[in-house]
Structure formats: structure tokens, C-alpha cells
Amino acid sequence: MLAQKLTFLADIAFARRTEMTMAIGPDMMAEILEELGCFLVDAGELARKVAPQLAVEAAAYEAHCAQVAIDTLRHSLSLRDREQAREPLREAARRLGIDLDEADEDWSRLAYRALWVMLDAAEENARRDTGIYDAQSPFFRSGRGPHARERTCVPSNTARSFAPPVVFPTPPQPVVCPGPARIPAVRMAAMEARPSPATQVERPTNSEEKPTRQTAVQLPEVTPVAKTPHVAALLLEDYFDLYIAKKVEGYTDDFGEEEVPDAAVGEKWRKSSKNNMEVGKRIWVSLLGNRLLSEISDEEIRNVKEKLRKIPESHAKSCSETRDLDALVAKTDAEEQRRIEHAVAEATFSGGSPAKIERARLDNLIPRIRVETILKHTRALNRPAKMLVKLGELETSPFQKHMISNRTADAMRRTEEKRDRRPWDDRIYDFLATPVFRGGCDEVGDPMFWAPLMALLGGGREEEILQLSPDDFETDGGIHYYRLHNMPGNSIKSDAGHREIPVHPELVRLGLIELVELRRRQGEPRLSPHLKRGKHKETFTELFTKEFTKYRQTHKVYWRGLDFHALRTTFHHRLMDNLVPGYAERALMGHEGLDEGKKIRSEGHRHENAA
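Residues numbered from 1 in each chain as written. Predicted model: local features only at pLDDT ≥ 70, side-chain atom pairs only at ≥ 80, totals over all residues. Heavy atoms only, no water.

> Outline the overall build of the chain, listing residues and values.
Of regular secondary structure, the chain possesses 25 helices and 7 strands. Counting over 611 residues, the chain shows a buried share of 37%. Residue pairs at least 24 apart in sequence account for 66% of intrachain contacts in the chain once pairs closer than 6 positions are excluded. Within the structure as shown, the chain displays about 36,400 Å² of accessible surface, and the carbon and sulfur contribution to it stands at 54%. (Helix = DSSP H or I, 4+ residues; strand = E, 2+ residues; numbered from the N terminus. Buried < 20%, exposed > 50% of the residue type's maximum accessible area, 1.4 Å probe, protein only. Contact = heavy atoms within 4.5 Å. Areas by Shrake-Rupley, 256 points an atom, 1.4 Å probe, with all protein chains shown as cover.)

What follows is the structure in C-alpha cells.
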């Protein structure tokens, strides 16, 4: 037993010593160097794409500067001077979310290799500056691939005809340009692959001998059976952007040919759903690369679906998320393994029972994204394709077969912890004992005080309560009530959400009506005039939810599942516990009404439960 304990101690000491002396491991080194090289080349390529036309002298000067940079890097390599690599390495590590230890003994090795990578990138950029590329353009490869249609060669003295850019939902009319037009690169492949209209072309009358004259021949118009070539030639990013642009414009998911987009509908989608679609786009582009749709295989999509389950839950919590997902998953797996090994070693060394050792392992698992999030991102890949099918640009969706069935989704859900919202139990008294409910308000209308109480005693949703105006409060028969309704600046979830809620007597006693009168005298349009909207969704909830979570964590009253919305759930359960009629319950909660059959079954079920 003593020898076993000493072995554990030696293992822990050795592992700790290894961590201290090898902070920059080979995997981390490779990750940073790859990021550095890719960034330098990609940045140079982007600069060339947006740069204006250069004079001959300016191009010669840039070439001279590029050569000087190459010579300087070679000189630094010859002198083993690593200082030039310091700032680029810091920037690369910052983009990857890595804390780079420059005091580590492996830093000099990393910096020397970084100089080599910078030299390679500088030479590659210099070649590209002169028009020399290592590979063919992806658009050219796509045009020459097996999916490309036959093209007819057109003499240079004949006006060239281009199909216009992809415009939905109405099919575009052909436009004849007087010469080669300037066309955005991201659209070129799509336009090249679309069938050209009928064109008059001069061609020889005999293929074996030269003709004495040229005859104008009318070519038949080409009508493809499946309108897929130009879609297959889209880049993955453009594929998502087409859908996002149409939804922001105000189209519904029907995408009818005669549908007129509604700007208000588009604005609501932008606030509520655009970010989810953007996150889905970032995930698929990060894991598949911004490649042509025709180049993406079924096997690659299956591999991405496997990786989705490994993405940490913290991913995309920020709107500015830019981390490379493959690197993030690898880093998370390594961190999880390190934490588990350390915790299990400590539990074993202290003589813990098998149950304690198992708990040590489970407590150090890093949470991964939920099944519902996986379903959401998987469906995001298919949404643009479904739009293109409805617009007649695709016969069928190529991604439909990769969608997760309801049966599979249910099986996946059974493998993860349930996090359904539930009503607050006696822990509500711990929450109500925190400082804000004991006189610790920042000001008389502090939403941290009023909003939770109004949800608990009235069932309102978070955004509905936070956007209340003094003008929303009225009386009927001496009873105070407030109206929840749509208006400029307000957002209600559904038609059923338009409702009137009586002010609970306890809220009257606490001074809610006095607060309303105060805001009226002050001329304030909101009960909480100092609340700010989030920059992304432009809702009060976007920021207040974070403040509410932070408040509960600070005062040790945070429990998963017992959040703000659970206060509304508590109100709902109290209505059912007190046998409030279903029609009144739905009216107070803002739920859709039931038809007569459902109403009878609902009331019968309620009475059975009561019995």
C-alpha cells in the first residue's frame, strides 16, 4: 500500500514537472505556426482583391519592398534573431485563444520556426503579386469539372453574352453586354455555369477545309432539366448568405413566386433568428472550408456531424466568436483529459471509494453543446437548399438525407442530462432574501426588483415586462391592470400574447402603482428608463438576462433550470394547482386558445387530476 501511494505521488510530481517544462507542446506549436502562415497568406490575398489598379512604378516599388522583406527575414534566420517573430506569434496565439508563455524554453524553437513560416509566406505573397499561383482558380476547376456543361467557343469579335447574377425569386432575363464585363468573383462561377440564351455565332461551314465566307448560325436555346449547375458552383458562404439576405428582406419560409417581402417581418427575423443562422454558417464553413458546394462530399458532412457533438457548450456565447473549431475541440479534449486524470489521481490517493472516484471523473467532464443545438445547426445547412427548391433552382435538396430524424433525435436526447425548466420550489425564499429585495435597490424602478416579482405574480415574459410603459397601466372597476401589446419598440411573441394582466395586490402594496405615477410625472416612456437594449437582438432581454444570471451567481442563489422564465412557469403551475379554468389560464399566460374538442379534453383532464 505504501509503495502504491509513493507511485501515485511520483506520477503526480512527474506530470507537474512535465507541465512546467513543456508549456509549448508540439501540438500547440503546430497549431500556432499553421495559424500564422495561413493568416499571412490570406491577408495578402485579401489586400490584392480590394486594392485599386497600380501604375507600373507603384507595382515595381511594391515588388522591391517585398524583396526587402524577404531579405530581412533571411538575414534574421542567419543571425538566429527571433525578435521579428515575437509580435506575429502573439497575434496568432491571441486569435487562437492561447496564452503563450514566452519564458518557456521551447519559445525560441517556436520563434525560429515562425521566422521560417514568415519567409515562406512572404515568398508566396511575392509570387502571387506577380500573378503566379500554385494551383488553379477554384472557379476554373469547377467550370472544367464533371458537373460543368458544354460551352460553345465564341470568336472574340462577337458580343459575349452573360447571364445576370442569381436573383430570387423571379428568374432573371438574359442581358447582352457589349464586351467582357466586370463581375464579382463570388458570382462568376454561378453565372458561367448557367445556360446562355440563343446567340448568333459565326462558324465555318465545313470542319475540314477553310470556308470562303462565314455563315451566321442560330443556336437553339439550352434548357436544362435540373437547374443545379450554378447552385453547385456557389461557395458555401454564399450559399448561406443567399438565404440570410432573402429572410432579412422579409420573405417567409414559403418563398412563393408571387410573394411580396415584408420589411417588418424581415426586421423581426433579423433580430430573433439571424444570429443563429450566422453561427450555423460559421460552424459549417469552419469545419468544411469555404469551398464550392459541388466539392463537398457526403462523407465530409457525416464527419462534421460527428464533430458537432464535441464542440464545447461555451462556443458562440459571444457574437464575436472566431475560434477555429477543429483546434477548439482538440484543445477542449486535451483539457478535459488533463482535469479528469488529475481529479481521479487525487481521489485515488486519498483513498476514495469507487463512487467518489467516479464522481471525480464526471465532475470534470467539460459540457458539450446540447442535442437541440446540434439539431439547429444541422437544419441550418438544409434551409437554403429548401429555399432553392421552392424557388425552382434545385430539383431536390442534396442535404435532406443528412437531416437527423425525430427518432434519432429522441435517442440522442436520452443520453444527456435533462434541463427542462421547472417551477421554483422553496428556494424562491432564498432568492427573495437577497439584497435587492431587502432595500438594496439601485433606484426606485430597479428592474432587478420589479421584473422577477411581476413574472412570479403575473406570468409575463421577460421582454414583455421590461418594455412596459406607464401608458400601459389602466384601471377597470377599481382594479389596476397593464396591457401587453405590440407597438413601435415593443415585441410580443404571438397574437395570443396581446393580453391584459391584473396587478397583484402585493405589487400594489409594494408601490408599483406609485412607480407608474412617478414615471408619468417625469415624462419617461418606460418603467425602467435606464435599461439598455442589446446590440445584437436589440432587446432588453439580451442584456438583462446576463445581469440576472450574474446577480444570482454573486449571491449564491443560482441553480440550473431555476431562471427568470421559471418564475413565469411557477405562476402557470399555481394557476393549475388552484383549478383556474383553462380559458382564463390561457388568457393570462398568453397561450393560443384551444378548439372546442381540445377544450373539453383539457378540462376533463384537469378535473381528473384534481380528483
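What follows picks up the thread again.
> Report on the sheet that holds strand β6 (residues 479-484), specifying residues and quantitative values.
Judged by pairing direction, the sheet is antiparallel, and its 3 strands sit side by side in the order β5-β6-β7 without closing on themselves. Of all the strands in the sheet, the pair left with one neighbour each is β5 (473-476) and β7 (499-502). On average, adjacent strands in this sheet sit at an angle of 40 degrees to one another, irrespective of strand direction. Of the pairings in the sheet, the one linking β5 to β6 comprises 4 bridges and is antiparallel in character. Across the sheet, residue Phe473 finds its bridge partner in β6, namely Tyr482. (Pairing = 2+ DSSP bridges. Axes fitted to C-alpha atoms, helices over the stretch in contact; angles between N-to-C directions.)

> How would you explain the confidence of the model for the chain if you had to name every residue and give the values?
Confidence in the prediction for the chain averages 78 pLDDT; 76% of positions are at 70 or higher. This model gives residues 145-229 a pLDDT under 50, and the stretch forms 102 contacts once residues within four places in sequence are excluded. This stretch, residues 600-611, has a pLDDT under 50; its non-local contacts, to residues over four places away or in other chains, come to 11 contacts. (pLDDT = per-residue confidence, 0-100.)

> Can you lay out helix α18 (residues 447-458) for me, pointing to particular residues and giving the numbers?
In an α-helix, one full turn covers 3.6 residues, which means residues spaced three or four apart are oriented alike. For α18, the buried fraction is high: 11 of the 12 residues fall into the buried class. Pro447, Met448, Phe449, Trp450, Ala451, Pro452, Leu453, Met454, Ala455, Leu456 and Gly458 are the residues of α18 that are buried. One side-chain oxygen of the residue at the start of α18 lies 3.0 Å from the amide nitrogen of Met448, identifying that residue as Asp446. Downstream of α18 by one or two residues, Gly459 has phi in the positive range, about 80 degrees. (Polar contact = N/O pair within 3.5 Å; in protein donor to acceptor, adjacent residues only side chain to side chain.)

> Residues and numbers for the packing of helix α9 (residues 236-249) against helix α11 (residues 274-288), please.
At a minimum axis separation of 10 Å, α9 and α11 run at an interaxial angle of 175 degrees. In terms of orientation, α9 lies roughly antiparallel with respect to α11. Of the residues in α11, those touching α9 at Leu236, Glu237, Phe240, Asp241, Tyr243, Ile244 and Val248 are Lys274, Met277, Glu278, Lys281, Trp284, Val285 and Leu288. When grouped by side-chain class, the residues that make up the contact of α9 with α11 number 9 nonpolar, no polar and 5 charged. (Parallel < 35°, antiparallel > 145°, perpendicular 65-115°, else oblique. Nonpolar A, V, L, I, M, F, W, Y, C, P; charged D, E, K, R; others polar.)

> Break down helix α15 (residues 371-390) for me, with residues and values.
With 20 residues, α15 should reach 28 Å at 1.5 Å per residue; the first-to-last C-alpha distance of 28 Å fits that figure. Maximal helix bending in α15 amounts to about 30 degrees, located at Leu381; proline Pro384 follows within four positions. Residues of α15 that are buried include every one of Val371, Ile374, Leu375, His377, Thr378, Ala380, Leu381, Asn382, Pro384, Ala385, Met387 and Leu388, and no others. The positive-phi residue at the C-terminal boundary of α15 is Gly392, with phi of around 80 degrees. (Expected span 1.5 Å × (residues − 1). Bend = angle between axes of the 7 residues up to and from the residue.)

> Give a description of the packing of aromatic side chains that names residues and reports values.
Tallied over the entire structure, the rule returns 15 aromatic pairs. Their ring planes at 20 degrees and their centres at 6.3 Å tell us that Tyr251 and Phe255 sit as a pair that is stacked. Given a relative accessible area of 6%, Tyr251 falls into the buried group. Of the residues examined, Phe255 reaches a relative accessible area of 3% and is grouped as buried. Ring centres 5.2 Å apart and planes at 70 degrees place the aromatic pair Phe431 and Phe437 in the edge-to-face group. Taken as a pair, Phe431 and Phe437 share a single burial class, namely buried. Aromatic rings pair up to connect Trp424, Phe431, Phe437, Phe449, Trp450, Phe544, Phe548, Trp559 and Phe564 into one cluster. (Phe/Tyr/Trp six-rings, centres within 6.5 Å; stacked < 30°, edge-to-face > 60°.)

> Requested: an account of a positive patch on the surface, with residues and values cited.
The grouping of Arg379, Arg383, Lys386 and Lys390 at the surface amounts to a positive patch. Tracing the backbone through its elements, the reader meets Arg383 in helix α15. What makes Arg383 partly exposed here is its relative accessible area of 34%. (Patch = residues over 30% accessible without salt bridge, like charges linked within 9 Å, V, L, I, M, F, W, Y side chains within 5 Å. Salt bridge = Lys/Arg side-chain N within 4 Å of Asp/Glu carboxyl O. Lys, Arg positive; Asp, Glu negative; His and termini not counted. Charge placed at Lys NZ, Arg CZ, Asp CG, Glu CD.)

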